[in-house]
Amino acid sequence: MHIVVIGAGAWGTAMACAAARPAGGHRVTLWARAPEQAQAMQSTRTNPRYLPDVVLPAGVSVVSGPLAAALPGADLLIIGTPMAGLRSTLHTLAQAKVTAPVAWLCKGFEAPTTADALGLMAHEVAAQVAPGLQCGALSGPSFALEVARAQPTCLVAASAHAAVRAALQAAFHSPALRVYANADIVGVEVGGAVKNVMAIAAGLCDGLALGLNARAALLTRGLAEMTRLGVALGAKVETFMGLSGMGDLLLTATGDLSRNRKVGLLLAQGLSQEAAVQSLGHVAEGVYSARTVVQRAQALGVEMPIAMAVVQLLDGTASPQQVLHALMGRDPKGEYV
Ligand SMILES: NC(=O)c1ccc[n+]([C@@H]2O[C@H](COP(=O)([O-])OP(=O)(O)OC[C@H]3O[C@@H](n4cnc5c(N)ncnc54)[C@H](O)[C@@H]3O)[C@@H](O)[C@H]2O)c1
Ligand SMILES: O=P(O)(O)OC[C@H](O)CO
């Protein structure tokens, strides 16, 4: 199989490595936005900026230049950009009249494109920009470094198209990487987006040393918020018990490799959102998705008090102590209401 991975950040690079490992043995073209980055990666066989200490397998070729020139002959296209790069990438694929299956790796909501619009999930962006594309999402609990090192990982291939789910399994399923299929793309995308927001909250919780009870409560109630929003958007409830729901929430909220969790830890130290983001050097999608999560929930009449608290913290309109008191001071209610 010839796989083109678009975007050479940490995750695009890790997934290129996973597909090209001898067990998979696919031919992989990794497209980088910056020509100088592509040249350096191709000659040193590493990605020092985004994934240091990982050696690229021989089957990975790193290229740059016009994206359209890298597309012909691909059996599968993987979009490894952040949400911010998804729309323009899909536009290029639509212009190039791509017929191969396409999957994105980004987890979040796109920022609203106009002042009165709501931010969109990735499959909603695709429906606007490239309605004819056979596409889906590859998601689930997965830190780039561990996947690049071939440590055991499970992912979920989500698409309404069976051909996309099958292509993702053919491309990535290997002894180190199990890929499950799921037709519920709404559930998988809501899980992937909301877990980032909850991971910021968990980082804050741990940074303030609120305790293990508090973290367990936060994750459980965070899962309830995620599920409520997902079901209101048309997802299946069982998806949130799966890899992209509970699985990715557990990983991102408790794993110290998470950039979103790090944002929460830095906010607990008193850093502003801007300072926290700047110190990461990588994208933390929860920072950009949190407001949209709350806006989409409000539009549907769904209560998401933890997500709302994260927005107030990121905006600097409430202190950690204030949001803690507000959350703990809510009226008693039934667990499943
Ligand atoms: N890193 C992980 O462990 C991991 C795992 C699963 C999913 N993801 C998701 O994958 C996506 C990418 O994350 P990452 O870790 O690779 O990020 P990163 O910060 O390591 O790299 C981002 C890459 O995207 C490129 N980029 C930035 N803005 C762009 C734009 N507007 N258009 C095109 N390219 C752009 C950058 O040049 C860089 O190559 C995110 O949505 C993230 O949530 C990451
Ligand atoms: O480092 P984070 O917080 O962007 O999380 C990375 C992956 O999404 C974990 O599954």
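Rules behind the numbers
- In every chain, residue numbers begin from 1 and rise along the written sequence.
- By the order in which they are written, chains take letters starting at A while ligands take numbers starting at 1.
- Note on the predicted model: pLDDT of at least 70 is required for a residue's local features to be given, and 80 or more for side-chain atom pairs to be given and counted; whole-chain, interface and lining totals, by contrast, use all residues.
- UniProt positions are given in the numbering used here, feature names are shortened, and annotations may be inferred rather than shown by experiment.
- The score called pLDDT rates the predictor's confidence residue by residue, from a low of 0 to a high of 100.
- By convention here, the C-beta atom is placed from the backbone, and a residue is near a molecule or strand when that atom is within 6 Å of it.
- Runs of H or I in DSSP of at least four residues are treated as helices and runs of E of at least two as strands, each being numbered from the N terminus.
- Fitted lines through C-alpha atoms give the axes, limited to the stretch in contact for helices. The angle between two N-to-C directions lies from 0 to 180 degrees.
- The cut-offs work like this: below 35 degrees is roughly parallel, past 145 is roughly antiparallel, 65 to 115 is roughly perpendicular, and the gaps in between are oblique.
- By convention the crossing between two helices is left-handed if the near helix lies anticlockwise of the far one by an angle smaller than a right angle, and right-handed if it lies clockwise.
- C-beta atoms are first placed from the backbone for all residues, and any pair lying within 7 Å is then listed as a contact.
- Note on residue categories: nonpolar means Ala, Val, Leu, Ile, Met, Phe, Trp, Tyr, Cys or Pro, charged means Asp, Glu, Lys or Arg, and polar means any other residue, Gly included.
- Our exposure labels follow a C-beta count within 10 Å of each residue's own C-beta, placed from the backbone: buried means 20 or more other C-beta atoms, exposed means 12 or fewer, and partly exposed covers the counts in between.
- Orient the strands so they point away from the viewer; a crossover is then right-handed if the path from the first strand over the helix to the second runs clockwise.
- What makes two strands pair is DSSP finding at least two bridges between them.

Taking an unreviewed UniProt entry as the reference, the chain is identified by name as Glycerol-3-phosphate dehydrogenase [NAD(P)+] belonging to Comamonas denitrificans. The Sequence similarities (unreviewed entry) comment attached to the chain in UniProt states, word for word, "Belongs to the NAD-dependent glycerol-3-phosphate dehydrogenase family." Turning to the chain, the UniProt annotation filed under Pathway (unreviewed entry) states: "Membrane lipid metabolism; glycerophospholipid metabolism."

A. Expanded view of the confidence of the model for the chain. For the chain, per-residue confidence averages 97 on the pLDDT scale, and residues scoring 70 or more make up 100% of the total. With a pTM of 0.97, the predicted complex shows an ipTM of 0.98.

B. Representation of the site of ligand 2 in the model. Every one of the 13 residues lining ligand 2 counts as a neighbour, but Ser-142, Thr-252, Ser-258, Arg-259 and Asn-260 are closest to it. By residue number, the principal contributor to the shell around ligand 2 is helix 10 (residues 243–254), which donates three residues.

C. The arrangement of the packing of helix 8 (residues 185–207) against helix 10 in detail. It is the contact of helix 8 with helix 10, at a shortest axis distance of 8 Å, that shows an interaxial angle of 25 degrees. Taken together, the axes of helix 8 and helix 10 are roughly parallel relative to one another. Crossing geometry of helix 8 relative to helix 10 is assigned as right-handed. Touching Val-188, Gly-191, Gly-192, Lys-195, Asn-196, Met-198, Ala-199 and Ala-202 of helix 8 are Ser-244, Gly-245, Asp-248, Leu-249, Thr-252, Ala-253 and Thr-254, all from helix 10. For the contact of helix 8 with helix 10, the class distribution of residues is six nonpolar, seven polar and two charged.

D. View of the UniProt feature "binding site: sn-glycerol 3-phosphate" (unreviewed entry) in the chain. Feature annotation in UniProt places "binding site: sn-glycerol 3-phosphate" (unreviewed entry) on Lys-107, Gly-140, Ser-142, Lys-195, Asp-248, Ser-258, Arg-259 and Asn-260, given in this structure's numbering. In this structure, Gly-140 sits in the loop between strand 6 (135–139) and helix 6 (144–148). Gly-140 sits in the buried class, given 26 other C-beta atoms within 10 Å. Not counting the four nearest positions on each side in its chain, Gly-140 is found in contact with Cys-154, Leu-155, Val-156, Leu-243, Ser-244, Gly-247 and Asp-248. On the secondary structure map, Lys-195 appears in helix 8.

E. A look at the pairing of strand 6. The buried count for strand 6 comes to five of five residues, which makes it a mostly enclosed element. A two-sided burial pattern is seen for strand 6, the buried positions comprising Cys-135, Ala-137 and Ser-139 on one face and Gly-136 and Leu-138 on the other. Remark: the strand 5 (residues 102–104)/helix 5 (residues 122–129)/strand 6 crossover connection has right-handed handedness. Direction of pairing for strand 6 relative to strand 7 (residues 153–158): antiparallel, over a ladder of three bridges. Residue pairing across strands places Ala-137 opposite Ala-158, the latter belonging to strand 7.

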